[in-house]
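One letter stands for each residue in the lines below.
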Amino acid sequence: MTTQRGDTTQTALGTDRPELSFVIPAHNEEGNILETLKRVSAKAQELVTTAEIIVVDDGSADATVAKVKSADVPTPVVLLRLSRNFGKEQAIMAGLERATGQAVVILDADLQEPLRYVDTMMEHYRDGYEMVYAVRDNREDESFAKRNLTKAFYRMMSVGSKFTVPEDARDFRLMDRAVVEALLDLPERNRFMKGLYGWVGFRSIAIPVVLEKRTEGETKFGFRGLFSHAFTGLTSFTSWPLRVWTLIGGILALFSILYAVWITIRTLIWGADVPGWSTLTVAVFFLGGIQLISIGVLGEYLGRIFTEVKGRPGYIVAEEILAGDHVAAKDA
């Protein structure tokens, strides 16, 4: 277990802080995880003298945990098994909390992000950059709707924001220990990591990456999951959805006042017409819909405040295991 945070932190094997930690969140990745660990371990051996791999199992229902336990790679592998599925953002935080390296690389378990880019990240890191993050080189493999919705999301995130969330940025990144400590110091539980990476700042640089196809399994993010994730980002880092409905309410109130003035003048000059029930019905339903939508947006913010006030942890680590032959090394 990690004894403390800071330069004197000890790893599970009792050695000094490794040069590099790999954090790999995994959910139902039994078909990929062993190959991922082999490739990551080989890359770690190539780049640095000391390294560690932290696999965070986010409530997998398949054999992911058993596969990690059986991993036989030269780099120490620590498995954190969460008590249930808490989501990728919380799994990443669990891995960052456990990682002890001077630099930390976050990497998906699906083998889509080629490890050759870690070499480039290390070059920039040694040049003085504290965070090196990957951005998608293109989205040609995605549907027209998804591409345009993604662009719209990043535009909305930039409205009224005091920092920038890079478009098409991925969780695949290398961070200095100072960046990791800054992220761990943030107390919030509704986490949108891409926003937090931008919020903490530090000297950063982007590198374009070309993703490979998954060798096994399917993506865990469907349209519903992506929509929920995007809405978390918007409500966590922007307040403009609230301001938009304030603006809409003001405009509607102004038009209603102008319309009332017009009706008064018309009645005084030409007299009263037969009331238009259809117009009245449409107006009532329209304004009622606007009110319900605005209340819903307000409710989203209040719900997130409620979650923060309760103070529950973002995740629960059910088990921490040192995988493979390193168990014997620790016991010895």
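Residues numbered from 1 in each chain as written. Predicted model: local features only at pLDDT ≥ 70, side-chain atom pairs only at ≥ 80, totals over all residues. Heavy atoms only, no water.

Peer 1: Explain the side chain of Ser60 to me, please; I cannot follow it from the model alone.
Peer 2: If you trace the backbone, Ser60 turns up in the loop between β2 (51-57) and α2 (64-69). We classify Ser60 as buried; its relative accessible area is 16%. Of note is the side chain of Ser60, whose polar atom sits 2.8 Å from the backbone nitrogen of Asn28. A distance of 2.5 Å separates a polar atom in the side chain of Ser60 from a polar atom in the side chain of Asp57. Filtering out sequence-adjacent residues up to four positions away, Ser60 remains in contact with Ala26, His27 and Asn28. (Helix = DSSP H or I, 4+ residues; strand = E, 2+ residues; numbered from the N terminus. Buried < 20%, exposed > 50% of the residue type's maximum accessible area, 1.4 Å probe, protein only. Polar contact = N/O pair within 3.5 Å; in protein donor to acceptor, adjacent residues only side chain to side chain. Contact = heavy atoms within 4.5 Å.)

Peer 1: Where do I start with the sheet that holds strand β6 (residues 169-176) in this structure?
Peer 2: Backbone-to-backbone hydrogen bonds join strands into a sheet, with any given pair of strands oriented parallel or antiparallel. The strand order across the open sheet built from 8 strands is β7-β5-β6-β4-β1-β2-β3-β8, with neighbouring strands paired in mixed fashion. In this open sheet, the two strands that pair with only one neighbour each are β7 (204-209) and β8 (317-322). Pairs of neighbouring strands in the sheet enclose a mean axial angle of 20°, with direction left out of account. With 5 bridges joining them, β2 and strand β3 (residues 77-82) adopt parallel strand pairing. Its bridge partner lying in β3, Val55 is registered against Leu79. (Pairing = 2+ DSSP bridges. Axes fitted to C-alpha atoms, helices over the stretch in contact; angles between N-to-C directions.)

Peer 1: When you look at helix α3 (residues 88-98) in this model, what are you seeing that I'm missing?
Peer 2: In an α-helix there are 3.6 residues to a turn, and that puts residues three or four apart on one side. Burial within α3 is extensive, with 9 of its 11 residues counted as buried. For α3, every residue scored as buried is listed here: Glu89, Gln90, Ala91, Ile92, Met93, Ala94, Gly95, Leu96 and Arg98.

Peer 1: Help me out: how do you make sense of helix α1 (residues 33-47) in this one?
Peer 2: Across its 15 residues, α1 extends 21 Å between first and last C-alpha, which sits within 8% of the 21 Å expected from 1.5 Å per residue. Those residues of α1 not exposed but buried are Ile33, Thr36, Leu37, Val40, Ser41, Lys43, Ala44 and Leu47. Looking straight down α1, one finds that the buried residues subtend no more than 165° of arc, so they occupy a single side. More than 90 degrees from the buried face of α1, the exposed residues found are Lys38 and Glu46. The inward-facing, buried residues of α1 contact β1 (20-26), β2, α2, β3 and α4 (116-126). (Expected span 1.5 Å × (residues − 1). Arc of directions from axis to C-beta.)

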